[in-house]
Amino acid sequence: MFCGNHMLTADQSNQLAEMFRLLGETSRLTLVTHCLEGPLSVGELTRRSGLSQSLVSHHLRLLRAARLLRAERSGKQVFYAIPDCHVREMLTNMIEHMVEPRGAANELMSEEAEP
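Rules used in this analysis
- Chains are numbered independently. Their residues run from 1 in the order of the written sequence.
- Side-chain atom pairs in this predicted model are given and counted only at pLDDT of 80 or more, local residue features only at pLDDT of at least 70, and totals for whole chains, interfaces and linings cover all residues.
- Derived side-chain values reflect all non-hydrogen atoms in the structure, with water molecules and hydrogen atoms excluded from consideration.
- Helix numbers and strand numbers start at the N terminus; a helix is a DSSP run of H or I with at least 4 residues, a strand a run of E with at least 2.
- Helix span, expected: 1.5 Å multiplied by one less than the number of residues in the helix.
- Side-chain atoms alone can form a polar contact between residues adjacent in sequence; in general such a contact is a pair of N or O atoms within 3.5 Å, and within protein one must be able to donate a hydrogen while the other accepts it.
- Two strands make a pair as long as DSSP finds a minimum of two bridges between them.
- Any residue with an atom within 4 Å of a point lines the site, the site being either a cavity, points on a 1 Å grid over the protein atoms alone where a 1.4 Å probe fits but cannot get out, or a pocket, an open set with protein on both sides within 12 Å along at least 5 of 7 lines.
- Grid points are joined across faces, edges and corners, and a volume is the space filled by probe spheres set on the points.
- Gly is placed with the polar residues, together with every amino acid not listed as nonpolar (Ala, Val, Leu, Ile, Met, Phe, Trp, Tyr, Cys and Pro) or charged (Asp, Glu, Lys and Arg).

(A) Region of interest: helix H5 (residues 85-99). For H5, built from 15 residues, the straight-helix expectation of 21 Å at 1.5 Å per residue is met to within 8% by its first-to-last C-alpha distance of 21 Å. Capping of H5 at its N-terminal end is provided by aspartate 84; its side-chain oxygen lies 3.0 Å from the backbone amide nitrogen of histidine 86.

In C-alpha cells:
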C-alpha cells in the first residue's frame with residue numbers, strides 16, 4: 001500500500017486499520033479529542049466524558065497501546081496527552097473537515113477546475 005512517500009507493509013496496514021477502528025468508537029474518540037486541549041487526568045477525563053472511571057481506564061489502556069495517547073506521571077496522578085504532532089494534526093484536520101460547510105470542498109474543487 002502506498003502512502004505519500006511511504007510504502008506500508010501488510011503489518012503496518014493492519015496496525016493503521018486498528019488505530020482507526022479504535023477511534024471509530026465514540027467514547028474513545030471523545031477521550032482523545034478532549035486531550036487536544038492539553039494533558040488531562042483520568043479524573044478529569046471521567047468527569048468530562050460522563051463515563052465510569054473503570055471504563056475510561058479501559059479505553060485509555062487501548063489508546064495508549066495504539067500510541068494514540070501517552071501517559072505522563074506527575075506525582076500520584078497520571079495525565080493523558082496527544083503523543084505527537086501527527087496524531088494532533090490528523091485529528092484536527094478531520095474535525096475541521098467534519099465541521100466545514102457541506103459544499104465547501106466541492107466549491108473549492110469547482111473553482112480550481114475553471115479556466
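(B) Quick peek at the pairing of strand S5 (residues 77-81). With two bridges connecting them, strand S3 (residues 40-41) and S5 associate as antiparallel partners. Residue serine 41 lies in a different strand from S5, and its bridge partner there is phenylalanine 79. Strand direction decides the pairing type here: strand S4 (residues 70-74) and S5, joined by five bridges, are antiparallel. Bridge pairing links arginine 73 to valine 78 in S5. Here S4 folds back onto S5 in antiparallel fashion, the turn holding two residues, of which glycine 75 has a positive phi close to 65°.

(C) Geometry of unusual backbone geometry. The phi dihedral of arginine 67 is positive, around 65°, even though this residue is not glycine. Locating arginine 67 in the fold gives a position in the loop between helix H4 (53-65) and S4.

(D) A look at the layout of surface pockets. Here the largest pocket defines a volume of roughly 730 Å³. Lining the largest pocket are 18 residues, and of these Leu8, Gln12, Leu16, Met19 and Arg67 lie nearest its centre. A per-element tally of the lining of the largest pocket places helix H1 (residues 10-23) first, with seven residues. The class makeup of the residues in the lining of the largest pocket is eleven nonpolar, four polar and three charged. Here the second largest pocket is characterised by a volume of approximately 230 Å³. If you trace the second largest pocket, you find it lined by Phe20, Leu23, Leu29, Thr33, Met90, Leu91, Met94, Ile95, Met98 and Val99. Among the secondary structure elements, those contributing two or more residues to the lining of the second largest pocket are H1, helix H2 (26-34) and H5. Counted by class, the lining of the second largest pocket contains nine nonpolar, one polar and no charged residues.

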